Amino acid sequence: MNLKNILFGLLALAVVSGTVSAQIQAGKSINITISNVPDQDRATINNLYPVAENGTINMPLLNSPVRASGLKAHQLASLLETLYKNAGIYTNPTIQVIENREGGNVADEIVTVGGIVRRPGPVPFIKGLTLWQAIQAAGGPTDFGSMYRVTLFRDGKQAEYDVTKPQFMQIPLQRNDTIDVPQKNWRNR
């Protein structure tokens, strides 16, 4: 075997392994930014998102989880742009997806979301995770869950937030926080 064949084989191996690692993986995190949308929406969407073990992410304003694992960053960006356009939410969004390499495995740390949500239980914690994102990662509230009186438990203290208001959607979480989404009351709140 000559040197040319060995170098060609090593180059091919490097290309293949680079291609595999360029795909988004379940249990990792991705950073998503959006432009060409209203400032308030940009503040809501620009964030770090955990890719759930089933390979999906929950995006603000979209009603169902989006499959992310197995896609490359540019493919997911294109898919999200199309979903927002087709839903009539935005006319010309520009989305950028960046894989978060430093975060490692997000399954190692959690926050717990309970109460009247679709999938109560642990949610992978990643730096930058917000109150709203954690609730959405748990499937969002059921038809009987209230986002007006969400309780956040941290270090033996608790605080109640109206997560329908943008300033409370962006509350940053810390590892081991617990969130409770209560049942709606007689005023549907």
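The rules we used
In this convention, every chain numbers its residues from 1, walking through the sequence in written order. Side-chain atom pairs in this predicted model are given and counted only at pLDDT of 80 or more, local residue features only at pLDDT of at least 70, and totals for whole chains, interfaces and linings cover all residues. Note that the side-chain values use all heavy atoms of the structure and ignore hydrogens as well as water. Here, nonpolar core refers to any group of buried Ala, Val, Leu, Ile, Met, Phe, Trp, Tyr and Cys residues whose side-chain atoms link them within 4.5 Å. With a 1.4 Å probe rolled over the protein chains alone, any residue whose accessible area is under 20% of its type maximum counts as buried; one over 50% counts as exposed, and the rest are partly exposed. Think of it this way: any DSSP run of H or I at least four residues long counts as a helix, any run of E at least two long counts as a strand, and we number them from the N terminus. Contacts between residues were defined by any pair of non-hydrogen atoms, one from each residue, lying within 4.5 Å. A pocket here means an open set of points on a 1 Å grid, computed over the protein atoms alone, that has protein on both sides within 12 Å along at least five of seven lines. A cavity is instead a set of points where a 1.4 Å probe fits but cannot get out; residues with an atom within 4 Å of a point line either one. Grid points are joined across faces, edges and corners, and a volume is the space filled by probe spheres set on the points. Three categories are distinguished: nonpolar for Ala, Val, Leu, Ile, Met, Phe, Trp, Tyr, Cys and Pro, charged for Asp, Glu, Lys and Arg, and polar for the others, with Gly belonging to the last. Pairing of aromatic rings covers Phe, Tyr and the six-membered ring of Trp, with a centre-to-centre limit of 6.5 Å; geometry is then stacked below 30 degrees between planes, edge-to-face above 60, and tilted otherwise. We count a charge as sitting over a ring when the NZ of a lysine or the CZ of an arginine lies within 6 Å of the ring centre and within 35 degrees of the ring normal.

Caption draft 1: Representation of the nonpolar core within the structure. Leu131, Ile135, Val150, Val163, Leu173 and Ile179 are the most contacted members of the largest nonpolar core, which has 23 residues in total. At the level of elements, strand E6 (110–115), helix H4 (131–137), strand E8 (150–154) and strand E10 (178–181) are the ones that each hand at least two residues to this core. At four residues, the largest contribution of residues to this core is made by H4. For Val150, the contacting residues outside a window of four places in its chain are Leu131, Ile135, Ala159, Glu160, Tyr161, Val163, Ile179, Asp180, Val181 and Pro182. Ile30, Val66, Ala68 and Ala73 belong to the second largest nonpolar core, which has 21 residues in total.

Caption draft 2: Summary view of the layout of surface pockets. Put simply, the largest pocket is a space of about 390 Å³. Considering the residues around the largest pocket, the lining is formed by 21 residues, among which Leu62, Asn63, Gln136, Gly139 and Gly140 are closest to the centre. Partitioning the lining of the largest pocket into residue classes produces nine nonpolar, eight polar and four charged. Of all the secondary-structure elements, those providing two or more residues to the lining of the second largest pocket are strand E2 (47–50), strand E3 (56–57), strand E7 (121–124) and H4. Top contributing element to the lining of the second largest pocket by residue count: E7, with three residues. For the lining of the second largest pocket, the residue count by class is twelve nonpolar, four polar and two charged.

Caption draft 3: Geometry of the packing of aromatic side chains. All chains considered together, the criterion is met by two aromatic pairs. With centroids separated by 5.5 Å and ring planes inclined at 45 degrees, the aromatic side chains of Tyr161 and Phe168 adopt a geometry described as tilted. Residue class for Phe168 comes out partly exposed when judged on its relative accessible area of 26%. Positioned above the aromatic ring of Trp186, the side-chain terminus of Arg187 is 5.7 Å from the ring centre.

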